[in-house]
Amino acid sequence: MNVLLDNFSDFRAGFIGTLSITAISTVIALVLGVIIAGFRVSPVPPLRFFGTAWVTLLRNTPLTLLFLVATFVVPLVFFPGMSAYVLASLALGLYTSSFVCEAIRSGISTVPLGQAEAARSLGMSFSQTLRLIVLPQATRTVIPPLSSIIIALTKNSAIAGAFSVTELFGWQKALSDQGYAIVPIFLWVALGYLVITFAISGVFRLLERRLEVAR
Amino acid sequence: MSGVSVTKDAQPVADDLVVLSNVNKHFGALHVLQDIDLTIARGEVVVVIGPSGSGKSTLCRTINRLETVDSGAISIDGKPLPQEGRELARLRADVGMVFQSFNLFAHKTVLQNVMLGQVKVRKTEKKAAETKARALLDRVGVGSQADKYPAQLSGGQQQRVAIARALAMDPKVMLFDEPTSALDPEMINEVLEVMQQLARDGMTMVVVTHEMGFARSAANRVVFMADGKIVEEAVPDQFFSNPRSDRAKDFLSKILHH
């Protein structure tokens, strides 16, 4: 009997689960990462402090612990009845946003200071300077580390399976409990992840090539 | 010692546009600006010269608060420089700045460089901004380069674009921070010519430079700085032919005879 064909609908559900949790967490991580990076280079001290605290807290906490807090503490205190899927996406997104923030900050520091000075002396506000002048020029430098971070996010999403979210890695546990041989299961799981991570690398390689031309 | 009084002959009594009073600034232990008093009238061209490290670039950068000061007051058109924020941004829009290293936006074309401030800060309509940008680029002689990126231009062309970018904001005063110091010798003149035209058109200008020829021909007043102080202020003829302070005599003897 074939483990994949026999359980294909479950496999597909797991694959789509991993894909969608990856997609949603990526969006959360990128949006928050850019905002927090803006905070960290902002001239306003409270914002800078908030940014530093955010990164320190989230980057230095084990992801499993964050998942625990998200699934068991957050619903109790803040949002009762929120689905495990949303909570897991949030935990993963917030965690990864701290890495995204630092990657973007490193990109920002590669843009010559004179660029921001010129923008400010034209009368642009801090956020205009960041949005229109600094971030667009930082993007190219940030692409390679970002691609690694998003791939790591994809693989980190496996932890969500332990918190009753349907995703690819969880499929493996269900089937090995049913007595299927473990090696073929893992091969299929690995293949599922490879499809997603290769797609991510491809997208980023494309981005990198596109941005190369623009200057 | 500072403030040898200025004699401005045949100058109409204009109102003061930029006023620095008792400005002090430190970089760590270095007292880079010491009790600076400087008043620049509307329409006046002031050239700041002095040995390197004398604080002249810093002085120029304090006027639009790219450098903060430790004490003293700076006002532009009667308004004191505000703290960092919207107020300051609005004020900076009225103060054009030209840098030694051009600082054109590397990811934007020449035309976009000149349009950006108009559209994003002045909220000018795109069409009008483009018309104005093209006119300014023609005026500084780089109209044919409008669609190139800064890196594709020579240094002299880039600096002229930078001047056009600053002019696009209709500034009340233009600050030039060593605008020709990063240029190859044969490109210096094309930039200086644009600046001289600007001076003839009545633009208020503060120019930090080592170009004594420009100081002689375009300046209403020369400010000589050394060691963070204004040592001497005079009209160019008087300053170059008959400097009063020993420090200025020494400086001029080194640069004028070689």
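Residues numbered from 1 in each chain as written. Chains lettered and ligands numbered in written order. Predicted model: local features only at pLDDT ≥ 70, side-chain atom pairs only at ≥ 80, totals over all residues. Heavy atoms only, no water.

This brings us to the interface of chain A and chain B. On the chain B side, the residues contacting the 17 residues of chain A number 26 residues. A buried area of about 1800 Å², summed over both sides, lies between chain A and chain B, and 62% of it is on carbon and sulfur atoms. For chain A, the biggest contributors to the area lost against chain B are Arg120, Ser121 and Leu122 of chain A; these three give 32% of the whole. Remark: the boundary between chain A and chain B carries one salt bridge. Salt-bridge contacts for arginine 61 of chain B lead to glutamate 117 of chain A; the nearest nitrogen and oxygen are separated by 2.6 Å. Run the count over chain A and chain B and you get seven residue pairs in polar contact (both at pLDDT 80 or more). At the level of elements, helix 6 (113-121) and helix 7 (126-156) of chain A are the ones that each hand at least two residues to the side of chain A that touches chain B. Broken down by element, the residue count for the side of chain A that touches chain B peaks at seven residues, all from helix 6 of chain A. Of the residues in the side of chain A that touches chain B, the class split is seven nonpolar, seven polar and three charged. (Contact = heavy atoms within 4.5 Å. Buried area = accessible area lost by both parts, 1.4 Å probe. Salt bridge = Lys/Arg side-chain N within 4 Å of Asp/Glu carboxyl O. Polar contact = N/O pair within 3.5 Å; in protein donor to acceptor, adjacent residues only side chain to side chain. Helix = DSSP H or I, 4+ residues; strand = E, 2+ residues; numbered from the N terminus. Nonpolar A, V, L, I, M, F, W, Y, C, P; charged D, E, K, R; others polar.)

Counting residues in hydrophobic clusters, the biggest one holds 55 residues, and the most contacted among them are Ile163, Met174 and Met205 of chain B. The greatest single-element share of this core, amounting to eight residues, is contributed by helix 6 (residues 185-200) of chain B. With 51 residues, the next largest nonpolar core counts Leu92, Ala103, Leu130 and Ile200 of chain A among its residues. (Core = buried A, V, L, I, M, F, W, Y, C linked by side-chain atoms within 4.5 Å. Buried < 20%, exposed > 50% of the residue type's maximum accessible area, 1.4 Å probe, protein only.)

Looking now at helix 9 (residues 246-256) of chain B. All names here are of chain B. Residues of helix 9 that are buried: Ala248, Phe251 and Leu252. Each buried residue of helix 9 lies within a common arc of 95° when the element is viewed along its axis, so the set occupies one face. What points out from helix 9, more than 90 degrees from its buried face, is the exposed set Asp246 and Lys254. Structurally, helix 9 contributes buried residues whose contacts are with strand 3 (45-49), helix 7 (212-218), strand 9 (221-226), strand 10 (229-234) and helix 8 (236-241). (Arc of directions from axis to C-beta.)

Before going further, it helps to examine the UniProt feature "domain: ABC transmembrane type-1" (unreviewed entry) in chain A. Residues given the UniProt feature "domain: ABC transmembrane type-1" (unreviewed entry) here are residues 15-204 of chain A. Within residues 15-204 of chain A, the helical portion is 81% and the strand portion 0%, while the C-alpha atoms at the span's ends are 21 Å from each other. (UniProt positions renumbered as here; feature names shortened; annotations may be inferred.)

Turning our eyes to something else, we now look at the sheet that holds strand 6 (residues 95-98) of chain B. Across a sheet, paired strands are connected by hydrogen bonds in the backbone, their directions being either parallel or antiparallel. All names here are of chain B. Pairing within the open sheet is mixed, and its six strands lie in the order 6-7-8-3-9-10. The open sheet is flanked by strand 6 and strand 10, the only strands paired with a single partner. Between one strand axis and the next, the sheet turns through 15° on average, direction left out of account. Where strand 7 (residues 173-177) lies against strand 8 (residues 204-208), five bridges are found, and the strand directions are parallel. Residue pairing for strand 8: leucine 175 is matched across the bridge by valine 206. Against the sheet, helix 5 (residues 155-167) contacts strand 6 and strand 7, and its axis sits at roughly 170° relative to strand 6. (Pairing = 2+ DSSP bridges. Axes fitted to C-alpha atoms, helices over the stretch in contact; angles between N-to-C directions.)

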